[in-house]
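For reference, the chains in residue letters:
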Amino acid sequence: MTLAPDAIAAAVKAGLQAALETTGGANASYIPYLAGVPSGLCGVCAVTPDGQLFEAGDTRHGFAIESISKVFTLALALEQSGREAVRAKIGARPTGLPFNSVIALELHGDKPLSPLVNAGAIATASFIKASGREDRWSQILGCYRAFAAAELPLSKEVNESEQATNLHNRAIVWLLASAGNCFCDPPEALDVYTRQCSVLVTCAELATMAGTLANRGVNPVSKTKVVSPGNVPPILAEMAMEGLYDTSGDWAYEVGLPGKSGVGGGVMAVAPGKLGIAAFSPPLDPFGNSVRAQKAVRTVAGALGLNLYAA
Ligand code: GLN
């Protein structure tokens, strides 16, 4: 059943209102750029499979995509190598631990388990078939742009801020490499991963990216096939298991939709066949998930009855 446009518009408006009434959290501070983003920014968007956009709040402000990028690099890896290869090389299990956990690696023979934690995302970037660093990067950025139907820019400022401070991720890439789980030159993998986190998106663009996943891999705005329909379910399964890291279970319990967060303050969720939802606001909970964006998405999904586990 398709959702009524009036109902979506009302839900998006209610999502913004609920988010604005929600306080708490703090901007990510381990990446200097993110600490300086105005904390009061807040936006909510939804995109239908036929390309209608609904928006409320600061929906045209570009913010760092951060970990939400991991979903789209995974999509490219699945397109290139297929689901069994990605599962064998990276994994398809939740870690239950923070997104940058080294203990998670140690516990599993330096295998990342999930493409949606830092280790797994760096490994996934390294697993992209490419002739070199710039080819790897341009394929990944091209894939993100196809998902968004927009010329998403790499932010020089965010990238420089992250490249100068990503010491923890440097340790992770060398641990991966030590166990044969980095599939290109380790500094190249880390560089490309750091760049992918530094791409700017708006809430409206992120909702289109989620809408592409909601629309069996066809971009609802450009009508272009971005990912094979058969690769969408494993992407959504990874999001369900690990999209909000250690609180993915709480998210499933409360919202019932595959979601993905990033420390830039974005959260997206996918209601298959029905809606792509995105929200943005910088202050994060202790697990790295935007407090207000979670509230906004939860409100939209609740108002429209989108919980996948409900009959
Ligand atoms: N660039 C960030 C990092 O590597 C992304 C983390 C996130 O959004 N959870 O730590």
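Located above this text is the structure these notes cover.
Quantities reported herein were computed from a predicted structural model and do not represent experimental measurements.

### Here we look at the site of the ligand
Surveying the vicinity of the ligand reveals the residues Tyr 30, Glu 66, Ser 67, Phe 99, Asn 118, Glu 162, Asn 169, Tyr 193, Cys 197, Tyr 245, Gly 262 and Val 263. At 2.6 Å from an oxygen atom of the ligand is found a side-chain nitrogen or oxygen belonging to Tyr 30. Contact with the protein chains hides 99% of the accessible area of the ligand, taken as 300 Å² for the molecule alone. Looking at the shell around the ligand, its residues break down into six nonpolar, four polar and two charged.

### Structural notes on the side chain of Ser 198
Relative to the helices and strands, Ser 198 is located in the loop between helix H10 (186-197) and strand S4 (200-201). Under the relative-accessibility criterion, Ser 198 is labelled buried at 0%. One polar contact links the side chain of Ser 198 to the main-chain carbonyl oxygen of Thr 194, over a distance of 2.8 Å. Once residues lying within four places of it in the same chain are set aside, the contact partners of Ser 198 are Pro 153, Leu 154, Ser 155, Val 158, Asn 159 and Glu 162.

### Considering the pattern of salt bridges
By the definition in use, this model includes nine salt bridges. Close ionic contact of Arg 195 with Glu 134 constitutes a salt bridge, the shortest N to O distance being 3.0 Å. Here Arg 195, found in helix H10, pairs with Glu 134, found in helix H7 (residues 133-148); they are 61 residues apart in sequence, far enough to count as distant. Given a relative accessible area of 10%, Arg 195 falls into the buried group. Salt-bridge contacts for Glu 188 lead to Arg 136; the nearest nitrogen and oxygen are separated by 2.6 Å.

### Remarks on the environment of Leu 308
In this structure, Leu 308 sits in the segment after helix H14 (291-303). Take Leu 308: its relative accessible area is 45%, and that puts it in the partly exposed class. Taking C-alpha positions, Leu 308 is 15 Å from Asp 250, a pair spaced 58 residues apart along the chain. Residues contacting Leu 308, with those up to four places away along its chain left out, are Gly 256, Leu 257, Pro 258 and Pro 272.

### With respect to the nonpolar core
Counting residues in each nonpolar core, the largest one holds 64 residues, and the members touching the most others are Phe 72, Phe 147, Met 209, Leu 213, Ile 235, Met 239 and Met 268. Here this core gets eight residues from one element, more than from any other, and that element is helix H11 (residues 203-214). The residues touching Met 268, leaving out its near neighbours within four places in the chain, are Ile 68, Val 71, Phe 72, Leu 206, Ala 210, Leu 213, Met 239, Pro 258, Gly 259, Lys 260, Ile 277 and Ala 278. Counting residues in hydrophobic clusters, the runner-up holds 28 residues, among them Val 12, Phe 54, Ile 277 and Ala 279.

### Looking at unusual backbone geometry
The bulk of non-glycine residues show a negative phi, and the bulk of peptide bonds are trans. Phi at Arg 216 takes a positive value of approximately 55°, unusual for a residue other than glycine. On the accessibility criterion, Arg 216 (59% relative accessible area) is exposed. Phi is positive for Lys 223, which is not a glycine, with a value near 65°. Summarising the element assignment, Lys 223 is placed in the loop between H11 and helix H12 (232-242).

### A closer look at the pairing of strand S6 (residues 266-271)
Among the six residues of S6, six are classified as buried, and the element is accordingly described as predominantly covered. Because side chains alternate across S6, one face comprises the buried residues Gly 266, Met 268 and Val 270, and the other comprises Val 267, Ala 269 and Ala 271, equally buried. Judged from the three bridges that link them, strand S5 (residues 259-261) and S6 form a sheet pairing that is antiparallel. Residue pairing for S6: Gly 259 is matched across the bridge by Ala 269. Bridge count between S6 and strand S7 (residues 275-280): six bridges; the pairing is antiparallel. Its bridge partner lying in S7, Val 270 is registered against Gly 276. In textbook terms, the turn of a hairpin is the stretch between consecutive antiparallel strands, and for S6 and S7 this stretch comprises three residues, one of which, Gly 273, has a positive phi near 75°.

### Description of the packing of helix H9 (residues 167-178) against H10
Axis separation between H9 and H10 bottoms out at 9 Å; the angle between their running directions is 135°. Taken together, the axes of H9 and H10 lie oblique to each other. With respect to the hand of their crossing, H9 and H10 are arranged in right-handed fashion. Here Asn 169, Arg 170, Val 173, Trp 174 and Ala 177 of H9 lie close against H10, whose contacting residues are Pro 186, Pro 187, Ala 189, Leu 190 and Tyr 193.

What counts and how
Residues numbered from 1 in each chain as written. Predicted model: local features only at pLDDT ≥ 70, side-chain atom pairs only at ≥ 80, totals over all residues. Heavy atoms only, no water. Near = heavy atom within 4 Å. Polar contact = N/O pair within 3.5 Å; in protein donor to acceptor, adjacent residues only side chain to side chain. Areas by Shrake-Rupley, 256 points an atom, 1.4 Å probe, with all protein chains shown as cover. Nonpolar A, V, L, I, M, F, W, Y, C, P; charged D, E, K, R; others polar. Helix = DSSP H or I, 4+ residues; strand = E, 2+ residues; numbered from the N terminus. Buried < 20%, exposed > 50% of the residue type's maximum accessible area, 1.4 Å probe, protein only. Contact = heavy atoms within 4.5 Å. Salt bridge = Lys/Arg side-chain N within 4 Å of Asp/Glu carboxyl O. Core = buried A, V, L, I, M, F, W, Y, C linked by side-chain atoms within 4.5 Å. Pairing = 2+ DSSP bridges. Axes fitted to C-alpha atoms, helices over the stretch in contact; angles between N-to-C directions. Parallel < 35°, antiparallel > 145°, perpendicular 65-115°, else oblique. Left-handed = near helix turned anticlockwise from the far one by under 90°.

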